[in-house]
Amino acid sequence: MLVVAFGAIFFYLPVMKDSAGNALDSSFNIFYFHMPIAIVAYLAFFVVFISSILYLRENDQKWDEVSLSAAEVGVIFAFLVLATGSIWAKAIWGWYWVWEPRLTTSLVLFLVYVGYLMLRTALDDPLKRARLSAVFGILAFVSVPLSFLSIRIWRSAHPLMFGGSLYGQGGGGLEGTSLLLVLILNMLAFLMLFVSLTSFKFKNEKFERELDMYKGR
Amino acid sequence: MLKGLNIAFKDLKIESRAREIFISMVVFSLLILIIFSIAFSDLLSSASKTATVASGVLWICFIFAGTLGLNRTFATEVQNGCMDGLKMCPIPRNSIYLSKVIFVFLLMLLVEIITIPMFSVLFNYQFTAIIWVGIVILLGSFGFVVVGCLISALVIKARAGEMLLPVLLLPLSLPVIIPAVSATSGLLRGEDIFSLMSSIRLLVVYDFVFFAVSMLVFEYVVED
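Chain B has the name Heme exporter protein B in an unreviewed UniProt entry, where Methanohalophilus halophilus is given as its organism. According to UniProt, the comment filed for chain B under the heading Subcellular location (unreviewed entry) is "Cell inner membrane". You can read under Sequence similarities (unreviewed entry) in the UniProt record for chain B the words "Belongs to the CcmB/CycW/HelB family."

With an unreviewed UniProt entry as reference, chain A is termed Cytochrome C assembly protein, source organism Methanohalophilus halophilus. On record in UniProt, under Subcellular location (unreviewed entry), the comment for chain A is "Membrane". Note on chain A: under the UniProt heading Sequence similarities (unreviewed entry), the record states "Belongs to the CcmC/CycZ/HelC family."

1. Brief notes about the overall build of chain B
Counting secondary structure elements, chain B contains 8 helices and 0 strands. Written out in order from the N terminus, the α and β elements of chain B read α-α-α-α-α-α-α-α. Seen through its principal axes, chain B has C-alpha atoms that stretch 55 × 35 × 30 Å. Excluding contacts between residues fewer than 6 apart, the proportion of contacts in chain B whose partners are at least 24 apart in sequence is 81%.

2. Examining the interface of chain A and chain B
Listed as interface residues are 27 residues of chain A and, on the opposing side, 27 residues of chain B. Buried area between chain A and chain B, both sides added, is near 2,500 Å², and the carbon and sulfur share of it is 78%. Of all residues in chain A, Arg131, Leu139 and Val142 of chain A bury the most surface against chain B, accounting for 23% of the area lost on that side. Remark: the boundary between chain A and chain B carries 0 salt bridges. For the interface between chain A and chain B, the tally reads 2 residue pairs in polar contact (both at pLDDT 80 or more). Only helix H4 (101-122), helix H5 (126-140) and helix H6 (143-153) of chain A provide two or more residues apiece to the side of chain A that touches chain B. When its residues are assigned to classes, the side of chain A that touches chain B shows 20 nonpolar, 4 polar and 3 charged.

3. Let's talk about the UniProt feature "transmembrane region" (unreviewed entry) in chain A
UniProt's entry tags residues 33-56, 68-89, 101-119, 131-154 and 179-200 of chain A with the feature "transmembrane region" (unreviewed entry), counted in the numbering of this structure. With 100% helix and 0% strand, the stretch residues 68-89 of chain A has end C-alpha atoms that lie 31 Å from each other.

4. Remarks on the pattern of salt bridges
Where charged atoms from two side chains of opposite charge come close, those side chains can pair. All chains considered together, the criterion is met by 4 salt bridges over all chains. The network of salt bridges with shared partners includes Glu72, Lys201 and Glu205 of chain A.

Conventions and cut-offs
- Residues numbered from 1 in each chain as written.
- Chains lettered and ligands numbered in written order.
- Predicted model: local features only at pLDDT ≥ 70, side-chain atom pairs only at ≥ 80, totals over all residues.
- Heavy atoms only, no water.
- UniProt positions renumbered as here; feature names shortened; annotations may be inferred.
- Helix = DSSP H or I, 4+ residues; strand = E, 2+ residues; numbered from the N terminus.
- Contact = heavy atoms within 4.5 Å.
- Buried area = accessible area lost by both parts, 1.4 Å probe.
- Salt bridge = Lys/Arg side-chain N within 4 Å of Asp/Glu carboxyl O.
- Polar contact = N/O pair within 3.5 Å; in protein donor to acceptor, adjacent residues only side chain to side chain.
- Nonpolar A, V, L, I, M, F, W, Y, C, P; charged D, E, K, R; others polar.

See below:
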């Protein structure tokens, strides 16, 4: 597992260079980070959702550790989405922040999962913490589709790259196989980064639990 | 369902005697109104400007008052060990949750019934389309209470739970609050109800989703 995770990181580095080396001067380049990070953040919260359900069903501490790991990594990714988005917005719109649906719901998403981590720190008893945060993890996921669909539901300044919205077509101008290839490569790279970070965190949690068990004896 | 009503009735009975939650909610809501009315006193001359701020002011009043009420709902049950008593009753756990939703929802409605005329007086504003505004406020408050009661039960066991409640509740209930506020402000600015249908549809969907999810997971919250 460790080997795979390290492999992912080594595989991941040249890809980063690839996309950045393409045309660093263009502000649009940040999109290659922005969108994969956003997708991975949604995915991370989806993992939290699923493992929370599994915890409540199977009562296995393992699932709680999975959801904690995914939530922590997800929060970092959600923050990076906001940060990269703001940098891009400053270059294009002239402001770092505009109150419009996509940005608002993304911020909400970030805050919800920061709340999730705060709830965890406020509960001492591990079993109770696992149960209650699983409940919150399920409820929190409701805000993910809202954020994802926001640019399709409301008229929004945020560009829509794929598919149509209720208010006409998006058409972000993503054409040409080389652009798509870089995007897909980055998507894979960030996916692997997510998987490896989460599995590191998960292992860490498992060791901690084992340590606690030995200490208890 | 019926058992939930019974517990809610018990809560209402206690509340009607002591009135401590209700009074503080109303007073709090009115104080916010007064502060806004002073802060926005320059805007009050024009009805269109008032209409722009109205939905924001109203919803802040409702949400803050609601949070105040939610803070106490499960606290009163835990105080004298009533929660254990309720859990021992031969009723589905969901009905405890349902009772709290009904109770807080009714309290919030009462607060809203008092707040809206006061808003009308302090901001010198004439409500039109009051039925639709009422429906939107009903839907919005219901969604807020549905999420709020679950979070309230959740944080009761946490350290500094009363501080945690707004931190967890506000972002989580935003999927309900955003369409509610936008629909209210649209109505107050005199827009046609049919142009706001997408917000209202979203509101109804999230009400259902949150209610269904909360009913499903509540028993895990109180399980000990």
